[in-house]
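# A closer look at the structure
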Amino acid sequence: MSTERTFIAIKPDGVQRGLIGEIIKRFEQKGFKLVAMKLIHASADHLRQHYADLKEKPFFSGLIKYMSSGPVVAMVWEGLGAVKTGRVMLGETNPADSKPGTIRGDYCIQIDRNIIHGSDSVDSAKEEISLWFTPEELVSYTSCAESWIY
Ligand code: IDP
Ligand code: MG
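Description of the structure in this document.

Cut-off values and rules
- Residues numbered from 1 in each chain as written.
- Chains lettered and ligands numbered in written order.
- Predicted model: local features only at pLDDT ≥ 70, side-chain atom pairs only at ≥ 80, totals over all residues.
- Heavy atoms only, no water.
- Helix = DSSP H or I, 4+ residues; strand = E, 2+ residues; numbered from the N terminus.
- Rg over C-alpha atoms; globule rule 2.2 N^0.38 Å.
- Buried < 20%, exposed > 50% of the residue type's maximum accessible area, 1.4 Å probe, protein only.
- Contact = heavy atoms within 4.5 Å.
- Areas by Shrake-Rupley, 256 points an atom, 1.4 Å probe, with all protein chains shown as cover.
- Patch = residues over 30% accessible without salt bridge, like charges linked within 9 Å, V, L, I, M, F, W, Y side chains within 5 Å.
- Salt bridge = Lys/Arg side-chain N within 4 Å of Asp/Glu carboxyl O.
- Lys, Arg positive; Asp, Glu negative; His and termini not counted.
- Charge placed at Lys NZ, Arg CZ, Asp CG, Glu CD.
- Near = heavy atom within 4 Å.
- Polar contact = N/O pair within 3.5 Å; in protein donor to acceptor, adjacent residues only side chain to side chain.

What follows is about the overall build of the protein. When helices and strands are tallied, the protein shows seven helices and four strands. Ordering the α and β elements of the protein from the N terminus gives β-α-α-β-α-α-β-α-α-β-α. For the protein, the C-alpha radius of gyration of 15 Å lies close to 15 Å, the compact-globule estimate for 150 residues. Each of the three principal axes of the protein carries a C-alpha extent, and together these read 50 × 35 × 25 Å. For the protein, the proportion of its 150 residues judged to be buried stands at 43%. Contacts spanning at least 24 positions in sequence make up 77% of the contacts within the protein whose residues lie at least 6 apart. By element, 54% of the accessible surface of the protein is carried by carbon and sulfur atoms, the whole surface being about 8500 Å².

This part takes up a negative patch on the surface. On the surface, a cluster of negative charge is made up of Asp53, Asp120, Asp123 and Glu127. On the secondary structure map, Asp123 appears in helix α7 (residues 122-132). By relative accessible area, Asp123 is classed as exposed at 55%.

Neighbouring ligand 1 are the residues Lys11, Tyr51, Leu54, Phe59, Leu63, Arg87, Thr93, Arg104, Ile111, Asp112 and Asn114. Here an oxygen atom of ligand 1 sits 2.7 Å away from a polar atom, N or O, in the side chain of Arg87. When ligand 1 sits alone it has 530 Å² of accessible area, and the protein chains cover 77% of it.

Quick look at the structure:
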């Protein structure tokens, strides 16, 4: 495993339902390092770019409407295997297939209201991070998760 960065976003329903703290807590307590974070009401155009690979899907317009319906918490988390482990922490795309203990398994029911996004590969993480953040917004600091005793 290598140190990676993944793009995680709490979707509008997660924000509206008061799940920001719970979700951040899981990534923080897992041991990942928060590198960037902002609350942002993204435009439909921005979200069309973010989900460009899904533009032919029948649910695409509904997805853009959902994602632009309110603010999202956009974050970058860093650590060993952060992309793959982040996806495991999220659960499956369909909450009905997500095991208890995962974020989607614990907090949602519907595939079209599944409260959280996470990059699915190191390459897509890089693209998503550059879409949502400027290089200056990626903060450089040392966390306890990097100190010698850890
Ligand atoms: P992922 O978020 O687990 O990576 P993707 O297949 O990339 O799943 O789909 C992106 C998002 O599109 C999902 O998180 C979900 O919000 C929505 N979505 C995926 N499949 C469906 C569907 O069949 N109906 C409605 N929305 C869907
Ligand atoms: Mg995806």
